Amino acid sequence: MSADSSTPDRTATAATAPGPQPEPIRFFGTTWVGHDNGYGARRAGVAAGSLLAAAAGCFVLRFAYEGMAIADVGTFVNFLVLIMFSICSAIAFRRTWEGFTRRHDPASQSSMRGLMTIGFVGVLLAYFFRSLTEAPGEQLHREEYETAREQYAKRTSRRTGNPSRKKKA
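In this report, the structure presented in the accompanying data block is examined. A quick note: this is a predicted structure, and the numbers were derived from the prediction, not measured.

Turning our eyes to something else, we now look at the overall build of the chain. Tallying secondary structure elements over the chain gives seven helices and zero strands in all. Counting across all 169 residues of the chain, residues that qualify as buried make up 22%. Looking at the chain alone, contacts between residues at least 24 apart form 69% of all its contacts between residues at least 6 apart. When the accessible area of the chain is evaluated, it comes to approximately 11800 Å², of which 62% is carbon and sulfur surface.

Let's shift gears to the layout of surface pockets. It is a probe the size of a water molecule, rolled over the atoms, that shows where empty space is left. Volume-wise, the largest pocket comes out at about 690 Å³. Every residue lining the largest pocket is counted, 21 residues in all, and those nearest its centre are R26, G99, F100, Q109 and Y127. When contributions to the lining of the largest pocket are tallied by element, the ones reaching two or more residues are α3 (75–99), α5 (113–118), α6 (120–131) and α7 (138–156). The residue inventory of the lining of the largest pocket, partitioned by class, reads eight nonpolar, seven polar and six charged.

This part is about α6. End to end, α6 covers 17 Å across 12 residues, agreeing with the expected 16 Å (1.5 Å per residue, within 8%). What α6 keeps buried is the set V121, G122, V123, A126, Y127, F128, R130 and S131. Against the buried residues of α6 lie α2 (39–71), α3, α5 and α7.

All right, on to a nonpolar patch on the surface then. Together, V73, F76, V77, F79, L80, I83 and I87 give the surface a local cluster of nonpolar side chains, amounting to about 620 Å² of exposed area. Secondary-structure assignment places V77 in helix α3.

The nonpolar side chains of soluble globular proteins are, as a tendency, buried together. Core analysis: the biggest nonpolar cluster contains 12 residues, these being I25, F28, W32, Y39, V46, A92, F100, V123, A126, Y127, A135 and Y145. Among the secondary structure elements, those contributing two or more residues to this core are α2 and α6. No other element matches the three residues that α6 contributes to this core.

Time to look at the packing of α2 against α6. Contact geometry of α2 with α6 gives a least axis separation of 8 Å together with a crossing angle of 155°. By the angle between their axes, α2 is roughly antiparallel relative to α6. Of the two elements, α2 crosses α6, and the hand of that crossing is left-handed. Along the contact surface, α2 presents R43, V46, A47, S50, L51, A53, A54, G57, C58 and L61, while α6 presents F120, V121, L124, L125, Y127, F128 and S131. Here the contact of α2 with α6 is built from residues that sort into 13 nonpolar, three polar and one charged.

An α-helical turn contains 3.6 residues, so a residue and the one three or four places further along point in the same direction. Counted at 1.5 Å a residue, the expected span for α3 with its 25 residues is 36 Å, and the 36 Å between its end C-alpha atoms agrees. Turning to α3, its buried residues number three or more, namely N78, C88, S89, A92, R95 and T96. In this structure, the buried side of α3 is in contact with α2, α4 (106–111), α5 and α6.

Cut-offs used in this document
Residues numbered from 1 in each chain as written. Predicted model: local features only at pLDDT ≥ 70, side-chain atom pairs only at ≥ 80, totals over all residues. Heavy atoms only, no water. Helix = DSSP H or I, 4+ residues; strand = E, 2+ residues; numbered from the N terminus. Buried < 20%, exposed > 50% of the residue type's maximum accessible area, 1.4 Å probe, protein only. Contact = heavy atoms within 4.5 Å. Areas by Shrake-Rupley, 256 points an atom, 1.4 Å probe, with all protein chains shown as cover. 1 Å grid on protein atoms, 1.4 Å probe; cavity = no way out; pocket = protein on both sides within 12 Å on 5 of 7 lines; lining within 4 Å. Points joined across faces, edges and corners; volume = space filled by probe spheres on them. Nonpolar A, V, L, I, M, F, W, Y, C, P; charged D, E, K, R; others polar. Expected span 1.5 Å × (residues − 1). Patch = residues over 30% accessible without salt bridge, like charges linked within 9 Å, V, L, I, M, F, W, Y side chains within 5 Å. Salt bridge = Lys/Arg side-chain N within 4 Å of Asp/Glu carboxyl O. Core = buried A, V, L, I, M, F, W, Y, C linked by side-chain atoms within 4.5 Å. Axes fitted to C-alpha atoms, helices over the stretch in contact; angles between N-to-C directions. Parallel < 35°, antiparallel > 145°, perpendicular 65-115°, else oblique. Left-handed = near helix turned anticlockwise from the far one by under 90°.

In short, the description is geometric, and any link to function would need to be established separately.
Quick look at the structure:
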């Protein structure tokens, strides 16, 4: 039992329940299943945190850009850096957004790690926009969880009657 004796501890009951268990989502745990235990507050926190982190990241990038201007590296290099961060952020946004609805293969995920790091502002903005409607990745996890539950129910359901006594038509 949890600290409040009237509320059962969900992690203890979920671990002992038969069948597939829901996969936890970062920052949400398994609250996405029933939208309970502060799910709405967590979504608001993730939205505010990711937007704040994206703004802080843009602020740091601005300092880097000003540092390049002070170093007088030239307009061409400044333009290339600006274009690089813009393109990497756009690609990172799109890839993160797609990752909320389908899983990427580990090889492509590994090869894109550097690009996703450079485009961190895009990743944070994708988290912000997705958390306005649902927990980031909730749709994917829900589909996988429901599929696993259906398959488990099919495997564990008992058949009725003896199959050798079926009527032949």
